Amino acid sequence: MSLFVDRISRSQSTLQQLLAGVLRQSLALLFKPVANPRFSFALQRRWMGIVALSTLKARGIGSHDSPVGDVPCRHYQPLHAQSTVLYLHGGGYVAGNPDSHKAITSHLAKFANAHVVVPDYRLAPEHPCPAAIEDAVAVYQALLENGVSPASLTLMGDSAGGGLALATLQALKAAGTPLPSATILFSPWVDLTLGQLFDTDRDIMLSHAWLDSGAAAYAGEDTRNPQCSPLFGDLSDLPPTLIQVGGDEILLNDSHRLCAALNEAGTATRLHVHPQRWHDFQLHAGVLADSDQALMTCARFIHQHTNHQEEKGANA
């Protein structure tokens, strides 16, 4: 029996390796060439939506759209959800929406048994910083007003949404608003000066040129402003934080620097680097085993740090 199980395990491992290779090549061919400043942001947004059609929503998890704090939001809500996650999607501040990140958010709702709220926040260049922060703060405060306890609330974000999550935390703390119980960030983009990017040609999704165009659209010339680059803001007295990042991506240094800075400021932070994985590999949940495992780790982190309380009026 043990030999049979070992053979099955090896077979599955080989299949996953092949699948990872196919996904890597597909993204290199389909995503990175269009995530380029030579194309308009409108075209990039449309193309991201097309590419997102290849990702899978979790089975058995219903969703609906309903505003929170006058901000349009997507909700993924299992029956008897025990906690709430406010998830801020990535897209370089210039693209992305709740549908483009449905694989992450729906599987997270399933694995964590959580009500996941995904704001469709305003994008640059039409709405530069701090519009996205204002939207995220409005949703967070409305959740509290609707009866969601901070002790049962986790703030999450990926890429630009990871930077936005950290900037939102800093804005909430400055306003004296109770902070969530935990923070989870995927490949957070927290330094828009681009001064210490990880120099790699292995990143199959992002380029320096595209990040530079997004930074200019969102921050203008003041890219070191802590609202835009929260790495340079106040990192003390923030919730326990988990950071996940791929080993083959240009934003790897942002995660290392942020983890070190948070821990130095007294904020308990853990960093998980996933070897041979690309930016936002969690988007392949339901297909890639590593993506599922990463989200299951997030679910355990959420359960560890939240007090499971019954939500009241969270859909308002």
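Preceding this section is the structure that the text describes.
All residue numbers refer to positions counted from 1 along the written sequence of the respective chain. Residue-level local features of this predicted model are given only where pLDDT is at least 70; pairs of side-chain atoms are given and counted only at 80 or more, and the full residue set underlies all totals for whole chains, interfaces and linings. Hydrogens and waters are ignored; side-chain quantities use all the structure's heavy atoms.

Engineer: Hey, could you run me through the state of the cysteines in this one?
Structural biologist: Covalently bonding the sulfur atom of one cysteine to the sulfur atom of another cysteine gives a disulfide. By disulfide we mean two sulfur atoms from cysteines, separated by a distance within 2.5 Å. Following the criterion strictly, the structure yields zero disulfides and no others. Free cysteine: Cys 228, not disulfide-bonded; nearest cysteine sulfur from Cys 129 at 3.4 Å. Summary of the burial criterion: residues with accessible area below 20% of their type's maximum are buried, those above 50% are exposed, and those between are partly exposed, where the area comes from a 1.4 Å probe applied to protein chains only. Among the residues examined, Cys 228 registers a relative accessible area of 2% and is labelled buried. Looking at the unpaired Cys 298, the closest cysteine sulfur is the one in Cys 259, lying at 15 Å.

Engineer: Just to check I follow, could you spell out the packing of helix α3 (residues 102-112) against helix α8 (residues 289-305) for this structure?
Structural biologist: Any two packed helices are characterised by how steeply their axes cross, that is the angle between the axes, and by the distance between the axes. Working convention: axes come from line fits to C-alpha atoms, limited for helices to the stretch in contact. Angles between N-to-C directions cover 0 to 180 degrees. Counting from the N terminus, the helices are the DSSP runs of H or I reaching at least four residues and the strands are the DSSP runs of E reaching at least two. Put simply, α3 and α8 touch, their axes get as near as 9 Å, and they point 50° apart. When the interaxial angle is binned, α3 and α8 end up oblique. Here α3 runs over α8; the crossing is right-handed. On the side of α3, the interface is formed by Ile 104, His 107, Leu 108, Phe 111 and Ala 112, while α8 contributes Asp 292, Leu 295, Met 296, Cys 298, Ala 299, Ile 302 and His 303. Each residue gets one label: Ala, Val, Leu, Ile, Met, Phe, Trp, Tyr, Cys and Pro are nonpolar, Asp, Glu, Lys and Arg are charged, and the others, such as Gly, are polar. When the residues that make up the contact of α3 with α8 are grouped by side-chain class, the tally is nine nonpolar, two polar and one charged. Angles are sorted into four bins: roughly parallel if under 35 degrees, roughly antiparallel if over 145, roughly perpendicular if 65 to 115, and oblique for all others. Crossing handedness follows the turn of the near helix against the far one: under a right angle anticlockwise gives a left-handed crossing, and clockwise gives a right-handed one. In what follows, a contact means two residues having at least one pair of non-hydrogen atoms within 4.5 Å.

Engineer: Which parts of the structure should I look at to understand the pairing of strand β4 (residues 114-119)?
Structural biologist: Side-chain positions along a regular strand alternate between the two faces of the sheet. Among the six residues in β4, six count as buried, and that is most of the element. Along β4, one buried face is formed by Ala 114, Val 116 and Val 118 and the opposite face, lined by His 115, Val 117 and Pro 119, is buried too. Examined bridge by bridge, strand β3 (residues 83-88) and β4 share four bridges and lie parallel to one another. Bridge pairing links Thr 84 to His 115 in β4. The handedness rule is simple: strands pointing away from the viewer, and a clockwise path from the first strand over the helix to the second, make the crossover right-handed. Viewed along the sheet, the connection from β3 through α3 into β4 turns out right-handed. Pairing between strands is defined by DSSP: at least two bridges between the two strands are required.

Engineer: Would you mind going over the packing of aromatic side chains with me for this structure?
Structural biologist: Stacked, edge-to-face and tilted labels apply to pairs of Phe, Tyr and Trp rings (six-membered ring for Trp) whose centres lie within 6.5 Å, assigned for plane angles under 30 degrees, over 60, and everything in between, in that order. Under the criterion given, the structure shown has two aromatic pairs. Their ring planes at 40° and their centres at 6.0 Å tell us that Tyr 93 and Trp 189 sit as a pair that is tilted. Pair noted here: Tyr 93 is in the loop between β3 and α3 and Trp 189 is in the loop between β6 (182-186) and α6 (208-219), with a separation of 96 residues, a long-range link. For the pair shown, Tyr 93 and Trp 189 are each scored as buried. Where Tyr 93 meets Tyr 218, the ring centres are 3.7 Å apart and the plane angle is 5°; that geometry is what we call stacked. Taken together, the positions of Tyr 93 in the loop between β3 and α3 and Tyr 218 in helix α6 put the pair 125 residues apart, joining distant regions of the chain.

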